[in-house]
Amino acid sequence: MRINPSILSADFANMTAELAKVETADMIHVDVMDSVFVPNLTFGLPVVENWRTVSKTPFDVHLMIDDPDQWAPKYAEKSEMVTFHVESASDPQRIIDRIRELGTRAGIAIKPGTPLEPYKELIHQLDQLLVMTVEPGFGGQKFMHEVLSKIRQAREIIDEENPSCYLQVDGGINSETIVLASEAGADTFVAGSAIFGAEDPEQAIHQLRVAASR
Ligand code: DX5
Ligand code: ZN
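What you see as residue numbers is a count from 1 along each chain, following the sequence as written. Lettering of chains starts at A and numbering of ligands starts at 1, both following the order in which they are written. For this predicted model, a pLDDT threshold of at least 70 governs which residues receive local features, and a threshold of 80 or more governs which side-chain atom pairs are given and counted, while totals over whole chains, interfaces and linings are taken from all residues. Note that the side-chain values use all heavy atoms of the structure and ignore hydrogens as well as water.

Digging into the pattern of salt bridges
No. 1: Think of a salt bridge as a Lys or Arg side-chain nitrogen and an Asp or Glu carboxyl oxygen that are within 4 Å of each other. Inspection of the entire model under this criterion finds 10 salt bridges.
No. 2: The residue K21 makes a salt bridge to E18 at a minimum N-O spacing of 2.7 Å. Note that K21 and E18 are positioned in helix α1 (residues 15-21) at a spacing of three residues, about one turn of the helix.
No. 3: Think of it in three bands: residues with accessible area under 20% of the maximum for their type are buried, residues over 50% are exposed, and the middle band is partly exposed, with areas taken using a 1.4 Å probe on protein chains only. The class of E18 is buried, set by a relative accessible area of 7%.
No. 4: Across the salt bridge formed by R209 and D26, the nearest N and O atoms sit 2.8 Å from each other. Placement of R209 in helix α8 (residues 201-213) and of D26 in the loop between α1 and β2 (28-33) is noted, with a sequence separation of 183 residues between them.
No. 5: The class of R209 is partly exposed, set by a relative accessible area of 23%. Helix and strand assignments come from DSSP, with helices taken as H or I runs of at least 4 residues and strands as E runs of at least 2, each series counted from the N terminus.

Structure, rendered in structure tokens:
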């Protein structure tokens, strides 16, 4: 069970200290938004590159952008994992190849309303499949229970095609919803507000890990 804190809920004015608080996490989840693919704007490549130099924990970059074909390889040069949305990708196969050529792990993400079926053939070569459990764009939203059946379906396909692929969920994950997502088959959990909003982020990571393994 992997726990990846989303720095979207961190204090951007104190990132060195914020990153030091979550060193027990598996990876740091880095939400890149461009105000086109989603109605919010966060940070870009120079900022991610800078933060990476002060983090002891590898980066799991989540690209919520309109042009992953152009940008995914650039983020792959600076991080350990890059996951892009298929909804805005013109050639997902080519993006996966380019990320992996750089020695970086590659993932695809799907929004709550996007079916998994058309992307089944990509799964055998993925390092991560991200099933969004909120509409991408903002932290602190409510977990969408209707996505649980898609998580179960993803688990079945991954077990058949590529058992080493991570099944990640992102959005509204807390110590209750993580149990549901884990029961449905997820093994990698992003949490922003539940970790950075907690008094003790390290303790929050521990509690989520325990809940996910229940
Ligand atoms: C939403 C982002 C998430 C977000 C999760 O678009 O992709 O990573 O930061 O935040 P919480 O855990 O607060 O829902
Ligand atoms: Zn995310």
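Notes on the packing of helix α5 (residues 148-161) against helix α6 (residues 177-184)
No. 1: An axis is simply a line fitted to the C-alpha atoms; with a helix, the fit covers only the stretch in contact. Between two such axes, the angle follows the N-to-C directions and lies from 0 to 180 degrees. Interaxial distance between α5 and α6 falls to 8 Å at its minimum, and their mutual angle equals 35°. Here L148, I151, R152 and R155 of α5 come into contact with α6, specifically with L180, A181 and A184.
No. 2: Residues were grouped as follows: Ala, Val, Leu, Ile, Met, Phe, Trp, Tyr, Cys and Pro as nonpolar; Asp, Glu, Lys and Arg as charged; and all remaining residues, including Gly, as polar. Along the lines of polarity and charge, the residues of the contact of α5 with α6 split into five nonpolar, no polar and two charged. Any two residues whose heavy atoms approach within 4.5 Å at even a single point are treated as in contact.

Some remarks on the environment of I123
No. 1: Structurally, I123 can be placed in the loop between β5 (105-110) and β6 (128-132).
No. 2: Beyond its immediate stretch of four places on either side in the chain, I123 contacts L116, L129, I157, I158, E161 and N162.

Observations concerning the nonpolar core
No. 1: Residues belong to a common nonpolar core when they are buried Ala, Val, Leu, Ile, Met, Phe, Trp, Tyr or Cys residues joined through side-chain atoms within 4.5 Å. Grouped together as the largest cluster of nonpolar side chains are 64 residues, with contacts concentrated most on I7 and L129.
No. 2: Apart from the residues lying within four places of it in its own chain, the contact partners of I7 are F12, M15, L19, I28, H29, V30, F43, W51 and F196.

Quick notes on the side chain of H62
No. 1: On the secondary structure map, H62 appears in strand β3 (residues 59-64).
No. 2: Residues contacting H62, with those up to four places away along its chain left out, are H29, V30, D31, V32, T83, H85, A109, L130, M132 and D170.

A look at the sheet that holds strand β1 (residues 2-5)
No. 1: Spatially, eight strands are ordered β1-β8-β7-β6-β5-β4-β3-β2 in an open sheet, and the strand pairing comes out parallel. Whereas interior strands pair on both sides, the edge strands pair on one side only; in this sheet they are β1 and β2. Mean inter-strand twist for the sheet, computed between neighbouring axes without regard to direction, equals 25°.
No. 2: With four bridges connecting them, β1 and strand β8 (residues 188-191) associate as parallel partners. Within β8, the residue paired with P5 across the bridge is A191.
No. 3: Where α5 meets the sheet, its contacts fall on β5, β6 and β7 (166-170), and the angle it forms with β7 comes to roughly 165°. In this scheme, strands are said to pair when DSSP sees at least two bridges between them.

Comments concerning helix α2 (residues 45-53)
No. 1: Of the positions making up α2, those classed as buried are L45, V48, W51 and R52. Viewed end-on, α2 has its buried residues packed into an arc of 130°, placing them on one side of the element. Exposed residues on α2 whose side chains face more than 90 degrees from its buried face are P46, N50 and T53.
No. 2: At its buried positions, α2 is contacted by α1, β2, β3 and α3 (68-76). Each direction from the helix axis to a C-beta atom contributes to the arc, which is the arc of those directions.

With respect to the site of ligand 1
No. 1: Near ligand 1, the surroundings consist of 20 residues, among which D31, G137, D170, G192 and S193 are the closest.
No. 2: Taking H62, its side chain carries an N or O atom lying 3.3 Å from an oxygen atom of ligand 1.
No. 3: Method for areas: the Shrake-Rupley scheme with a 1.4 Å probe, in which residue coverage is limited to the protein chains shown. Contact with the protein chains covers 100% of the free accessible surface of ligand 1, which is 390 Å².
No. 4: Every element with two or more residues in the shell around ligand 1 is listed here: β2, β3 and β8.
No. 5: In terms of residue count, β2 provides more of the shell around ligand 1 than any other element does, three residues in total.
No. 6: The residue inventory of the shell around ligand 1, partitioned by class, reads eight nonpolar, 10 polar and two charged. We define proximity as follows: a residue is near a molecule or strand when any one of its heavy atoms falls within 4 Å of that partner. A 3.5 Å cut-off defines polar contacts: any pair of N or O atoms within that distance qualifies, except that in protein one atom must be a possible hydrogen donor and the other a possible acceptor, and neighbouring residues in sequence count only when both atoms are side-chain atoms.

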